[in-house]
Amino acid sequence: MKNEWVDTLAGSVRVKARGKGIERLINTCVRQGIVVWNVKKHSADTATFFIKLSDVKRLRHVARQSECKLSFVGRTGLPFFWRRAWQNSGFWLGLLLFIAIVFLLSNIVWKIEIKGAAPETEHQIARELKRMGVERGALQFLLDDPETLQKKLTERVPDITWVGVEWKGTSLHFRVVEKEIPEPKKPIPPRHLVAKKEAVIADLFVEEGQPLVSVNDYVQKGQLLVSGIIGAEGRTKFVPASGKVFGETWYKSTVVLPLETTFRVLTGKFTERHYVGIGRLLIPVWGWKKPVFAHTIVETEKRPFRFWKWDLPLYYERITIREAEEVKRRYTWEEAFAEAKEIARRELRAKLPEEAAIRSEKVLHQAKENGKVRVELHYEVIENIAVPQPIVQGD
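Residues numbered from 1 in each chain as written. Predicted model: local features only at pLDDT ≥ 70, side-chain atom pairs only at ≥ 80, totals over all residues. Heavy atoms only, no water.

Participant: Tell me about the overall build of the protein, and please be specific about residues and values.
Facilitator: The secondary structure content of the protein amounts to 8 helices and 22 strands. Taking 2.2 N^0.38 as the reference for a compact globule, 395 residues should give roughly 21 Å; the C-alpha atoms of the protein span a radius of gyration of 42 Å, well beyond that estimate. Oriented by its inertia axes, the alpha-carbon framework of the protein measures out at about 135 × 60 × 45 Å. For the protein, the residues scored as buried account for 33% of the 395 residues in total. Put simply, of all contacts in the protein between residues at least 6 apart along the chain, 67% involve residues at least 24 apart. When the accessible surface of the protein is totalled, it reaches about 26200 Å², and 55% of it is carbon and sulfur. Positive and negative side-chain charges of the protein, numbering 65 and 49 respectively, have mean locations separated by a distance of 17 Å. (Helix = DSSP H or I, 4+ residues; strand = E, 2+ residues; numbered from the N terminus. Rg over C-alpha atoms; globule rule 2.2 N^0.38 Å. Buried < 20%, exposed > 50% of the residue type's maximum accessible area, 1.4 Å probe, protein only. Contact = heavy atoms within 4.5 Å. Areas by Shrake-Rupley, 256 points an atom, 1.4 Å probe, with all protein chains shown as cover. Lys, Arg positive; Asp, Glu negative; His and termini not counted. Charge placed at Lys NZ, Arg CZ, Asp CG, Glu CD.)

Set out below in structure tokens:
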């Protein structure tokens, strides 16, 4: 059976035979090993058929021994295509050059737009962008991704609270939100101060309102601490109660800490690999050397190539391979116990307001289980337990 794709690569020729003995000619070709296909007889002394390009010389030898005249009426296959392409090489070279120029121009930054910033802040942002290599004429796929640009600008420009970064074709757009001076406080409506949790009153400082509790009083969640209704009966007045009521509150924490842990830390050494990809196929462009790191952490960044305003299925991928070291940390019982207490204290601190203070710490339970330390702790904390509650009619 004829393999058509092989014939397309190798090339084939359509032959027209005229004369007597066409059948004998074809049979002789088959006996000589010349592959013949698509034989069509057009009249008693005319027929056409196909042969491989490589069999043309052998066919001419066979034709000299026959009474037929042969002519070639068609040529197909890769060799003929390349011959025609070479004859029109100027056109193809110009087309490829045009595509390459459009492709290059489509992946260059042509416009940088900054909106929402004052002139001074815009100048600072433009200066920082230039330091990061973000300027007109830069190649898009060599720049940081929008998330990284956003993070760097927020860290380096103190006058902005947020910046949005967006690619639109060959333009890079920045939407800036600057820090604003706080507006004057609005008048506070009449309110009470109530307890946000149960506690024992440790101290109180009332700026406005009528205190209803004293030091060492036990209060429950929701209990009225400072009333916003002041004055004698019949001459009462509604005010926004304000102040701080410090109470002794209680927290319980449980920490489980392994005596031996393994983790990885970066050494600072790294190597980069650059690829051009399509789908899952990656073609290496730069970074051939294989890293000799024993342990690594891999970071991948992808950036699509563009043609005019469209994203192509081609993309640029940069893989950063960072060296990491495995570090084993072993605790003694005393060290693990102390570290567990420190972890519990840090976790508690993260949940408490800044002005809160830990008064005391008590270990409820400590044990060693399956190579781990388990510690349960009880804390006494002094914190402001007063929260506002609007005054409604009828209070």
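Participant: Which residues make up the nonpolar core, and what values do they have?
Facilitator: Inside soluble globular proteins, nonpolar side chains tend to come together where they are buried. Counting residues in hydrophobic clusters, the biggest one holds 19 residues, and the most contacted among them are Leu-348, Leu-352, Tyr-379 and Val-381. Those elements that provide at least two residues to this core are strand E15 (242-258), helix H8 (333-351) and strand E21 (372-384). When residues in this core are grouped by element, the largest group, 6 residues, is from H8. Look past the residues within four positions of Leu-348 in its chain and what remains in contact with it is Tyr-251, Ile-358, Tyr-379 and Val-381. Counting 18 residues, the second-largest nonpolar core is a separate cluster that includes Val-109, Ala-138, Val-157 and Ile-160. (Core = buried A, V, L, I, M, F, W, Y, C linked by side-chain atoms within 4.5 Å.)

Participant: With reference to specific residues and values, describe the packing of aromatic side chains.
Facilitator: Within the structure shown, the criterion is met by 2 aromatic pairs. Ring geometry for Trp-37 versus Phe-50: centroids 6.1 Å apart, planes at 15°, classification stacked. Placement of the pair is Trp-37 in strand E2 (residues 36-43) and Phe-50 in strand E3 (residues 46-52), with a sequence separation of 13 residues. Accessibility classification places Trp-37 together with Phe-50 in one group, the buried group. Ring geometry for Trp-333 and Phe-337: centres 6.3 Å apart, planes at 10°, overall stacked. Of this pair, Trp-333 and Phe-337 both sit in helix H8, 4 residues apart, which is roughly one turn of that helix. (Phe/Tyr/Trp six-rings, centres within 6.5 Å; stacked < 30°, edge-to-face > 60°.)

Participant: Mind laying out the packing of helix H2 (residues 22-31) against helix H3 (residues 56-64), listing which residues take part and the relevant values?
Facilitator: Relative to each other, H2 and H3 sit at 135°, their axes nearing to 10 Å. When the axis of H2 is compared with that of H3, the two are oblique. Here H2 and H3 pass one another in a crossing that is right-handed. Facing Leu-25, Thr-28 and Cys-29 of H2, the residues of H3 in contact are Leu-59, Val-62 and Ala-63. Grouping the constituent residues of the contact of H2 with H3 by class yields 5 nonpolar, 1 polar and no charged. (Axes fitted to C-alpha atoms, helices over the stretch in contact; angles between N-to-C directions. Parallel < 35°, antiparallel > 145°, perpendicular 65-115°, else oblique. Left-handed = near helix turned anticlockwise from the far one by under 90°. Nonpolar A, V, L, I, M, F, W, Y, C, P; charged D, E, K, R; others polar.)

Participant: Can you lay out the pairing of strand E1 (residues 12-19) for me, pointing to particular residues and giving the numbers?
Facilitator: Two elements, E1 and strand E4 (residues 68-76), share 8 bridges in a ladder whose sense is antiparallel. Residue pairing across strands places Val-15 opposite Phe-72, the latter belonging to E4. Judged from the 7 bridges that link them, E1 and E3 form a sheet pairing that is antiparallel. Paired with Val-15 across the two strands is Phe-49, which belongs to E3. (Pairing = 2+ DSSP bridges.)

Participant: I'd like a description of unusual backbone geometry, backed by residues and values.
Facilitator: Unusually for a residue other than glycine, Asn-216 sits at a positive phi of about 80°. Following the sequence through the fold, Asn-216 ends up in the loop between strand E10 (210-211) and strand E11 (218-219). Phi is positive for Asn-370, which is not a glycine, with a value near 50°. Examined against the element boundaries, Asn-370 turns out to sit in the loop between strand E20 (357-369) and E21.

Participant: I'd like a description of the sheet that holds E15, backed by residues and values.
Facilitator: With respect to topology, 5 strands assemble into an open sheet ordered E11-E9-E15-E21-E20, the strand pairing being antiparallel. The open sheet terminates on both sides in strands that have one partner only, identified here as E11 and E20. The pairing of strand E9 (residues 199-208) with E15 spans 7 bridges and is antiparallel. By the bridge assignment for E15, Val-206 is matched with Gly-243.

Participant: How would you sum up a nonpolar patch on the surface? Please name residues and give values.
Facilitator: A contiguous nonpolar patch, built from Phe-91, Trp-92, Leu-95, Phe-98 and Ile-99 and spanning about 500 Å² of accessible area, is present on the exposed surface. The residue Phe-91 is located in helix H5 (residues 89-106) in this model. Given a relative accessible area of 55%, Phe-91 falls into the exposed group. (Patch = residues over 30% accessible without salt bridge, like charges linked within 9 Å, V, L, I, M, F, W, Y side chains within 5 Å. Salt bridge = Lys/Arg side-chain N within 4 Å of Asp/Glu carboxyl O.)

Participant: Tell me about the sheet that holds strand E16 (residues 260-278), and please be specific about residues and values.
Facilitator: Here we have 4 strands laid out as an open sheet, ordered E17-E16-E19-E18, and antiparallel in their pairing. Edge positions in the sheet fall to strand E17 (281-286) and strand E18 (295-307), since each of these pairs with one other strand and no more. Geometrically, the sheet is characterised by an average inter-axis angle of 40° between neighbouring strands, direction not taken into account. Bridging between E16 and strand E19 (residues 310-330) involves 16 bridges; their strand directions are antiparallel. Each residue of the ladder has a partner; that of Val-265, found in E19, is Glu-325.

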